Structures are given as C-alpha cells and as structure tokens.
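Fold and contact review
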Amino acid sequence: MNQYETTYLDNTAKIIELVTVRPSDFCDGRAFYTGCRERTLALRPLIAQNMSVLRDFLIPFFDDILDASPQEIADLTEFDDALSRLTKQADNGVHYQINSALIVYARQKKDRDLLVRSLYHGAMALYNYSAILRMTDPSRFFWKMRLLFGEAAGYIRYYDEIQNPETRGYIHRSMSNLALCYNSITDPEQKFTVLRRALNILQDPVYQQKTPSLPWALYITKTHQERTTLLGYLRHENASYKQLHEVMESAEYVHHEQLLTAQKKGIPMQPQWLYAYYAACYHCGLHTLSQLFENLEDLYISASKEDYSQQGMYTNLFLPALYTEYVRKDTHYIANKAPIMQLIYHRALQYVRCAPAGTQMEFLYQYLRALLVNFIEYPGGISLKEFAHEFIMGRHLGTCVHSIVVARLTVFLFDHMVKNFPEALLGIYGVQTNAELSSRKEEISTYLYDCGMLHDIGKLFFLQLFTLPNRQWLSIEEEICEEHAAQGFRLLEQAASTKSYADIAFGHHRYYDETGGYPREFSREKCSDTVALDLIAVTDFIEYRGNADGNAFREANSIEQILEKLNQGRGTRFCSAVVDAVFSAKEEIAIFLSTARQEAYQRVFEYSMKSLSID
C-alpha cells in the first residue's frame, strides 16, 4: 500500500479506539464529560486528514482509474481488504467506491479475476447498506445488488477457463448471495429459485472435484441457513407444499450440522438454529403451535440473564421478538400469553440495563430493535415508552446526550413562553385556554420532555452510520439517515404509551411551511400537536448547531450565529412565534447551553453506574 492509504487506515484505527468510550472508565461524571470532550477534539485532525486523503488522492485516483498501473491496482485492492478487516463494515462507503472503480478498471483491462472479486465486494457493500435499512426500505439497493451478484455468478459459464480458486469461490458465493436480493415476503419464489440453483451446483461432485480447496461444506451450510430465513414467509401461511418441504429440508440440514459441531466442541447448540428447526416443524405440520410455544419457552428459560455473548443476546432479546410474532397470530394468544410476555419484558429490561462495557453492541442494538418493533403493550404492564427510554439511555452516547439536552431545552423554552407568549402555546397537548395552560403546566412539561427524549429514537435503527466518524458522509449515507424520522414514527405510533410522540419524531426535520426538509410524506394537517412539533424543531436545531462537545466534524456555532440562522428560517423552516421566543430568551439560552451538555453527560454517567450496580 502507498502512504496515503496507510495513513487512512492508521487514522481509522485510532478513531475506532477514540470512539470506544465507557463511563465505567472514568471516576465521576465530570471526568467522563472532560474525557469525551478531549476525545472529540482528538478526532477532528484525524477526520480532517482522512478527508484530505479522499479529496486529494483517492477520489482523483478513482476518476483516473484507467491510467493506474498494475502496482497501484494491487495497492488499492490490498487497502480495500485491510479496511474491511479493520472492523465489521469499517467504512462501507469507501469500500463500495473502491470496488466500483475496480469494476471499471477490470472491465477495460479484461481482468476477469479482479472483475469477479470486485463485483462480489461491491454487491456486499450494497447489502451492508440494505441491512441498515432492514426496518424501513430493505429493497432499495436490491436491483443494483442483483446486477452485480448476477454478473459475477454468470461466470459459472466460464468455470473451466478460470484457474484462480479464489475467483471460483466468488462465483459460488455470488450465486448463493443472489438470494439476498429478494425480499422473503414479497419475492419468495424468486428467492427459492436462486437457492435451488445454488445448492444444485454446490452439491454437484463435478464442481467439488474441480476446485477441492474451496470450503464446500461451509458454502452449502450457509446457503441452507439463508433458506431458513424464508420462515418469515411461512409465517404468512401462503407457502406451497414444495416451499414448505425445502425450508424444512434446510432447517433439518442446519440442525444436524450444528448438532455435530456442538457435540464435537462440547458446547450447546446455537439458539437461532434451534429456533429455525422448531419453527419449520410447526409450519410443516409436524408440531402444533402449542408445541412451538413450549419449545421456544424452554429455549428462552434456559438462557442465562448474565450471558452477553451474541448467542446470549439472541436468546434474551431476539427470540422473544420472534415469539411475539406467533403470539400475535390470534387475540386469544395475546391475552393468554400475557404473564409470559410480562416476564419476558421484565427480564429484557433488566438485561439491557445491565449490559456491561465491552458488550457486542451491534448485536444488542439489532436484537433490541426487533423486540421493540414487535412489542405488545399490556394495560398495567411494562410500556413501550419505558423500553424506548432504555433504548436511548446508555446506547449511542451522541444520540443520548443530544436527546437529553433537547428535552431540557424544550421544557426551558416552554416555561419561558408560558410567562411571555402564552397565546402562542394554545393547542399544545389539547390545551385551549391560558387558564388550562397554567393548570396543566407540569403535565405538559413532562410531555414535552418525553417529546425531546424520543424525537430521535429512529436514529438508533441506523447506528452503523454513527459509530465510526472517520469521514464525512456520502450522499447515499445522508439519504439513509433521513429515514430515521419515518422509522421513529413507525415505532412510536404502534403503542398507546408512545403514540402521542410519533408525529414529533416524524416531522421534526420538515419545514414549517412544508417547502423543504424531510420526510415529504409528513403533513402538518395530520399532525396531532403542531405546537409541540414547532418547539422540538427549533430546540433540536439549536442543540445541534450549538454542540461544542460532541461534534467531531466542526466547531459549534455561537448563540449569535444560531439566532441568525433561525431568523433566516423564520416563517419558512421555523415557526415565527417560537423564533420570537428564542430571541427574547437569548441570554438565558446561552447560559443554558454553556452547561447543559456537561449535565447530560453527568446523567449518562449516573445511569451507567446505577445499571452496573443492579443485582
């Protein structure tokens, strides 16, 4: 590799270390705040240098890729491999751009081995983006993935001409991974067809004899594992006999392989494959729904509440989410399983609170998100609102601190407006008169605080974008992030305890006059509380622009700069009455911002220490 590629890798490794911060590493809240602030300042020159590498070297190199020397291409390929090894999805955007450039080069130079490799890795980069969007728009990149995986898989026609075993491996993996380009619910037969074709070739002894060095058993197992994901389609009860048979065949195959591995290593079977086997037995008529419930309950109860391995998190958080999907099949089960569901939620709540430092957070987030999306709210039981707060507190530090400050600033601005601009608040939380506003002030303050805490909860579905700030986002990543508003709405509007906050999450980035911002689908006319929305839109903007501690990409704006931008958006982006209130409280807001983030870090620290002390 050349110097600038090495620099980018070294900087990214340092950034990964800097953002891996744990409250338990500090003696108190002040030290935690100071340490985080120092880390943010340390990130800035590293990010700036990475951006310089991209701007001055990598992107111009991509533009002139056809003039590259063989050594430069070898260096770029080595850099791509090293970046991917650094951490899972270390820099998916650069990974995708590298392979897009290599595809252009390989086509022009007729380098078949490089082309197949780059087609595969380019498609996998798009799959990583699709995985981020799995709760919102998972099929957005499917057509591109099909083109790339499909072209790589098509080289099976030239198998005998290709001598490189690695290239042959990419061909087989692409044939199986074509299944990733189809939705299990909306395009099940296409997915079944792809997997049938892939398995037929993988199990063909002729191909195995031609390339004996490939891990054929692993390829076959992985392909069977992918076919078990079609259990999601089976839950809709529309499958044909042939489809049922194929899923059952794969579930049995994986179950057998996993059982042999577990026996050989003297360890329990992985719970996700036990679930797949139990669920397939039910869908294929071998077990009743009652037997499925019994098997899943036994599997869940056997899990340790102290197990924070990936398997432990799967059983404690994701298995209950799958269990809930079967409970929802009938209102009878929803009522009948209430005691079990409450046990699950109590255990899950404690499990999340006690997650220790060093936990594989990407799996904790993934499995917890699934539990939240499938949440069943029972009267008198644990509410989705309680879980939502736990999801925010102690999860992604930046989002958590931002939400706390927005919540407090919103209440502060509300109090100021009650005293000075009460008429502008009429309509908030259903209030119709000044007298009612006064009498319900405490209740509305609590409501607004929760609006602030929950407005960005959708971001926690896209944490892969936030956890590695080693460069500025690409346009594709900015577009993905915008989905957080709609995802927050979908989560919050499903339960009684959070429904009143859903429109706030949905519309806080949409312009007041609806001429800009996102999402375009949001309509003020349908919003349940435009006054609260207007408050959050302004306080969210102020906190983001005034953030001097947690933004590694730029310095904070002064209060004068913030007010200038608010004034520019008066009546278009922002509600004029709220902007007027901010101007009238300029000095108080400046004082508030000077200490609010430190106090938020203090709260996160206290929460973390309290969680660690839970027995």
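Look up: the structure comes first, before these words.
Scope of this entry: the structure provided in the associated data block. (Residues numbered from 1 in each chain as written. Predicted model: local features only at pLDDT ≥ 70, side-chain atom pairs only at ≥ 80, totals over all residues. Heavy atoms only, no water.)

1. Some words on the overall build of the protein chain
Applied cut-off: Each helix is a run of DSSP H or I of at least 4 residues and each strand a run of E of at least 2, with the numbering of both proceeding from the N terminus. Radius of gyration: over C-alpha atoms. The globule rule applied is 2.2 Å multiplied by the number of residues raised to the 0.38 power. Buried residues are those whose accessible area, probed at 1.4 Å on protein chains only, stays under 20% of the maximum for their type, while exposed residues exceed 50% and partly exposed ones sit between those limits. Every residue pair with non-hydrogen atoms within 4.5 Å of one another is taken to be in contact. Each accessible area is a Shrake-Rupley estimate made with a 1.4 Å probe; only the visible protein chains count as cover when residues are assessed. Counted as positive: Lys and Arg. Counted as negative: Asp and Glu. His and the chain ends are not counted at all. Note that the charge is assigned to NZ on lysines, CZ on arginines, CG on aspartates and CD on glutamates.
In terms of regular secondary structure, the protein chain is built from 29 helices and zero strands. Scaling as 2.2 N^0.38, a compact globule of 615 residues should have a C-alpha radius of gyration of about 25 Å, and the protein chain matches this with 26 Å. Counting over 615 residues, the protein chain shows a buried share of 55%. Contacts in the protein chain between residues far apart in sequence, at least 24 positions, make up 69% of those at least 6 positions apart. Surface summary for the protein chain: the accessible area is close to 26,700 Å², and the carbon and sulfur share equals 51%. Of the charged side chains in the protein chain, 61 are positive and 75 negative, and the gap between their average positions amounts to 2 Å.

2. Looking at the nonpolar core
Selection criterion: Note on terminology: a nonpolar core comprises buried Ala, Val, Leu, Ile, Met, Phe, Trp, Tyr and Cys residues joined through side-chain atoms within 4.5 Å.
Judged by nonpolar contacts, the single largest core of 211 residues is most densely connected at F387, I428 and L566. Setting aside anything within four residues of it in sequence, one finds F387 in contact with Y345, A348, L349, L368, L371, L372, F375 and I382.

3. Some thoughts on the packing of helix 20 (residues 397-420) against helix 22 (residues 441-454)
Operational definition: For helices, the fitted line uses only the C-alpha atoms of the stretch in contact; every axis is such a line through C-alpha atoms, and the angle between N-to-C directions lies from 0 to 180 degrees. The labels follow the angle: roughly parallel below 35 degrees, roughly antiparallel above 145, roughly perpendicular from 65 to 115, and oblique for the rest. Here a crossing is taken to be left-handed if its near helix is turned anticlockwise relative to the far helix by less than a right angle, and right-handed if that turn runs clockwise.
Put simply, helix 20 and helix 22 touch, their axes get as near as 7 Å, and they point 150 degrees apart. Between helix 20 and helix 22, the angle is such that the two are roughly antiparallel. At the point where helix 20 passes helix 22, the crossing takes the right-handed sense. In contact with S403, I404, V406, A407, R408, T410, V411, F414, D415 and V418 of helix 20, helix 22 contributes K441, I444, S445, L448, Y449, G452 and M453.

4. Section: the pattern of salt bridges
Pairs can form between side chains of opposite charge whenever their charged atoms are close. Quick reminder of the rule: Put simply, a salt bridge is a Lys or Arg side-chain nitrogen that is within 4 Å of an Asp or Glu carboxyl oxygen.
Inspection of the entire model under this criterion finds 31 salt bridges. Here R107 ties to E151 by a salt bridge, and the two come within 2.4 Å at their closest N and O atoms. Of this pair, R107 sits in helix 4 (residues 92-109) while E151 sits in helix 6 (residues 142-154), and the two are 44 residues apart along the sequence. The exposure class of R107 is partly exposed, given its relative accessible area of 41%. Judged by its relative accessible area of 26%, E151 is partly exposed. As a salt-bridge pair, D160 and K210 come within 2.9 Å of each other at their nearest N and O atoms. In this pair, D160 is assigned in the loop between helix 6 and helix 7 (165-177) and K210 in helix 9 (residues 205-210), connecting sequence segments 50 residues apart.

5. Considerations on unusual backbone geometry
Residues apart from glycine generally show negative phi values, whereas peptide bonds are mostly found in trans. Along the chain, Y518 connects to P519 via a cis peptide bond; the corresponding omega equals -5 degrees. Structurally, P519 is set in the loop between helix 25 (502-507) and helix 26 (530-545). Positive phi, normally seen in glycine, also occurs at K110, with a value near 55 degrees. Note that K110 resides in the loop between helix 4 and helix 5 (112-132). Assessed through its relative accessible area of 72%, K110 is described here as exposed. Positioned with a positive phi, Y429 is a non-glycine residue whose angle comes to about 55 degrees.

6. Considering the packing of aromatic side chains
We count it as follows: Aromatic rings from Phe, Tyr and Trp, taking only the six-membered ring of Trp, are treated as a pair when their centres fall within 6.5 Å; an angle between ring planes under 30 degrees marks them as stacked, one over 60 as edge-to-face, and anything in between as tilted. Here, a charge over a ring is recorded when the distance from Lys NZ or Arg CZ to the ring centre is within 6 Å and its angle to the ring normal is within 35 degrees.
Enumeration according to the criterion identifies 32 aromatic pairs in this entry. With a centroid separation of 5.9 Å and an interplanar angle of 80 degrees, the aromatic rings of Y8 and F79 are classed as edge-to-face. Here the residue Y8 occupies a position in helix 1 (residues 3-19), and F79 occupies one in helix 3 (residues 70-86), the gap between them amounting to 71 residues. This pair shows no difference in class: Y8 is buried, exactly as F79 is. With a centroid separation of 6.0 Å and an interplanar angle of 40 degrees, the aromatic rings of Y129 and F141 are classed as tilted. With a gap of 12 residues between them, Y129 in helix 5 and F141 in the loop between helix 5 and helix 6 connect regions that are remote in the sequence. By way of ring pairs, the aromatic residues F26, F32, Y33, Y601 and F605 are connected into one cluster. Across the ring face of Y207, the terminal group of K210 is positioned such that the distance to the ring centre comes to 5.5 Å. Of note, R570 hangs over the ring of F583, and the distance from its end group to the ring centre comes to 5.5 Å.

7. Describing helix 1
The condition is simple: For a helix, the expected span equals 1.5 Å multiplied by the number of residues minus one. Counted as a polar contact is a pair of N or O atoms within 3.5 Å, where, for protein atoms, one must be capable of donating a hydrogen and the other of accepting one, and residues adjacent in sequence contribute only when both atoms are in side chains.
For helix 1, spanning 17 residues, the distance from its first C-alpha to its last is 24 Å, which sits close to the expected 24 Å at 1.5 Å a residue. Taken residue by residue, helix 1 has Y4, E5, T7, Y8, L9, N11, T12 and I15 as its buried positions. On its buried face, helix 1 sits against helix 2 (29-63), helix 3 and helix 4. Between a side-chain oxygen at the N-terminus of helix 1 and the backbone nitrogen of Y4 the separation is 3.3 Å; the capping residue is N2.

8. Quick word on the packing of helix 1 against helix 3
Going by this rule: For this classification, Asp, Glu, Lys and Arg are treated as charged, while Ala, Val, Leu, Ile, Met, Phe, Trp, Tyr, Cys and Pro are nonpolar and the rest, including Gly, are polar.
Where helix 1 meets helix 3, the closest approach of the two axes is 10 Å, and the angle between their N-to-C directions is 5 degrees. One element, helix 1, and the other, helix 3, form an angle in the roughly parallel class. Across the interface between the two elements, E5, Y8, L9, T12, A13 and I16 of helix 1 pack against D75, L76, F79, A82, L83 and L86 of helix 3. Residues of the contact of helix 1 with helix 3, tallied by class, amount to nine nonpolar, one polar and two charged.

9. What to know about the side chain of R44
Structurally, the position occupied by R44 is in helix 2. Judged by its relative accessible area of 13%, R44 is buried. What R44 contacts, discounting residues up to four positions off in sequence, is A548, N551, A552, R554 and E555.

10. Some points on helix 13 (residues 271-283)
Look at helix 13: 18 Å from first C-alpha to last across 13 residues, which is about the 18 Å you get at 1.5 Å a residue. Where burial is concerned, most of helix 13 is hidden: 12 out of the 13 residues are buried. Buried within helix 13 we find P271, Q272, W273, L274, Y275, A276, Y278, A279, A280, C281, Y282 and H283. Lining the buried residues of helix 13 we find helix 10 (216-228), helix 11 (231-234), helix 12 (241-265), helix 14 (289-301) and helix 15 (310-327). Within two residues after helix 13, G285 carries a phi angle of roughly 85 degrees, on the positive side.

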